[in-house]
Amino acid sequence: MRGINLTGKTTIVTGGYSGIGLKVTEALVKAGAHVIVPARTLEKAQTAAGHLPNVEFGVLDLMDPASIDTFAAQFLAQHHQLDLLIECAGIMFAPLRRYSRGNESQFSTNYLGHFQLTAKLYPALKAAGTSRVIVVTSRAQSWNGADFQDPNFDHRDYDSHVAYAQSKAADILFAVELDKRAQKDGVRAFAVHPGMVPGTGLGRFVNSNTHLQHAMGIVMNNLQATRLISTRNAMKAHRYGLTEYDYFKTVSQGAADILWAATSPLLRDKGGVFVEDSNIGTAVSAESTSKFGARPWSIDPQLAAKLWSLGEQYSGTKFSL
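Residues numbered from 1 in each chain as written. Predicted model: local features only at pLDDT ≥ 70, side-chain atom pairs only at ≥ 80, totals over all residues. Heavy atoms only, no water.

### What to know about the sheet that holds strand S7 (residues 273-276)
Here is step 1: Pairing is parallel across the open sheet formed by 7 strands, whose spatial order is S3-S2-S1-S4-S5-S6-S7. Two strands in the sheet have a free side with no partner beyond their single neighbour: strand S3 (55-59) and S7. Across the sheet, the axes of successive neighbouring strands diverge by a mean angle of 20°, strand direction being ignored.
Here is step 2: Two elements, strand S2 (residues 34-39) and S3, share 5 bridges in a ladder whose sense is parallel. Its bridge partner being in S3, isoleucine 36 is matched across the sheet by glutamate 56. (Pairing = 2+ DSSP bridges. Helix = DSSP H or I, 4+ residues; strand = E, 2+ residues; numbered from the N terminus. Axes fitted to C-alpha atoms, helices over the stretch in contact; angles between N-to-C directions.)

### Some words on the pattern of salt bridges
Here is step 1: Counted by the stated rule, this structure contains 14 salt bridges.
Here is step 2: The closest approach of N and O atoms between lysine 9 and aspartate 83, which form a salt bridge, is 3.9 Å. Separated by 74 residues along the polypeptide, lysine 9 in the segment before strand S1 (10-14) and aspartate 83 in the loop between helix H3 (65-78) and strand S4 (84-87) bring together distant segments of the chain.
Here is step 3: Residue lysine 9 is classed as partly exposed on the basis of its relative accessible area, which comes to 31%. (Salt bridge = Lys/Arg side-chain N within 4 Å of Asp/Glu carboxyl O. Buried < 20%, exposed > 50% of the residue type's maximum accessible area, 1.4 Å probe, protein only.)

### Regarding the packing of helix H4 (residues 105-127) against helix H5 (residues 160-182)
Here is step 1: Across the interface, H4 lies against H5 with an axial gap of 7 Å and an inter-helix angle of 20°. Taken as axis vectors, H4 and H5 run roughly parallel relative to one another. Crossing of H4 against H5: the hand is right-handed. Here Gln106, Phe107, Asn110, Tyr111, His114, Phe115, Thr118 and Tyr122 of H4 come into contact with H5, specifically with Ser160, Ala163, Tyr164, Gln166, Ser167, Lys168, Ala170, Asp171, Phe174, Leu178 and Ala182.
Here is step 2: Along the lines of polarity and charge, the residues of the contact of H4 with H5 split into 10 nonpolar, 7 polar and 2 charged. (Parallel < 35°, antiparallel > 145°, perpendicular 65-115°, else oblique. Left-handed = near helix turned anticlockwise from the far one by under 90°. Contact = heavy atoms within 4.5 Å. Nonpolar A, V, L, I, M, F, W, Y, C, P; charged D, E, K, R; others polar.)

### Things to note about the packing of H5 against helix H10 (residues 301-315)
Here is step 1: Orientation of H5 relative to H10, taken along the N-to-C sense of each, is 90°, at an axis distance of 8 Å. The angle between the axes of H5 and H10 places the two elements in the roughly perpendicular class. Residues Ala170, Leu173, Phe174, Val176, Glu177, Leu178 and Arg181 of H5 touch H10, and the partners they reach there are Pro301, Leu303, Ala304, Ala305, Leu307 and Trp308.
Here is step 2: Of the residues contributing to the contact of H5 with H10, the split by class is 11 nonpolar, no polar and 2 charged.

### Considerations on the side chain of threonine 317
Here is step 1: Mapped onto the elements of the fold, threonine 317 is located in the segment after H10.
Here is step 2: In this structure threonine 317 comes out as buried when scored by relative accessible area, which is 5%.

### Description of helix H1 (residues 19-30)
An α-helical segment advances 3.6 residues per turn. Residues three or four places apart therefore align on the same side.
Here is step 1: Between its first and last C-alpha, H1 extends 17 Å over 12 residues, near the 16 Å set by a 1.5 Å rise per residue.
Here is step 2: If you check which residues of H1 are buried, you get Ile20, Gly21, Leu22, Val24, Thr25, Ala27, Leu28 and Val29.
Here is step 3: In this structure, the buried side of H1 is in contact with S1, S2, helix H2 (42-49), S3, S4 and helix H8 (251-263).
Here is step 4: Following H1 by one or two positions, glycine 32 has its phi on the positive side, about 105°. (Expected span 1.5 Å × (residues − 1).)

What follows is the structure, given as structure tokens:
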């Protein structure tokens, strides 16, 4: 973020009050941006980020279509333009839950809610002239894609891991199609995998009583340990001639990927791409055993167009561009 000036820019960061999202909010504020942080529980967000200057808060439940509409309407009534929409909020490995529309919670929160939110805020994104939408995805996109026949597990057995991977593959497809449709209005979209960052709250549905989870929490909350991890990563990567490596990241390192996609001038004329390790990721085959790279079912243009229609259907939101 050194040298990035966001003075006069308006941004929204869903999930911007905890973990990676909070670090992103802090960095944007430091660069001069005005940041709106929506949350289901206003008090929780205010406690975490209320000390920051140029931050305001709003109520938003990504599983509630009415809440999304209300938040967007309030924003548009108070702000003319939106320069950055960063969609960090999400849930992982949740047990089967459905909301009023009957949509499975991970598909609803991670994809459908952000699809509807982007649609409702689009007039402000367009008004900015040049704006970016950042959709946070996950390495889980390499496991499986979206099931277009049964995305809500109405007829197949529910698997929380399959459901999470589906939602994160959908996030990348959303960025692909949004960028294709919106670049005529100066709106570019990026899907970002911030890396494996333990201790952020995303994994609250994972059994936190295991020894592994406990150890991860201790390590990632210890500054000396995180520095040691980072140094070891760099040394190992250099030794093997690698440019990417598979270790845990700190919260700051995860936020860096999102911030790079959101602000880097290197991406001024690019969009619709998958970002990891602060660089444009590669496309790999469905059979690839690499933990890196975007799988075909996450970036295929035909699937992206198909998912857009699915998003309109299941969110009840017409998103015409």
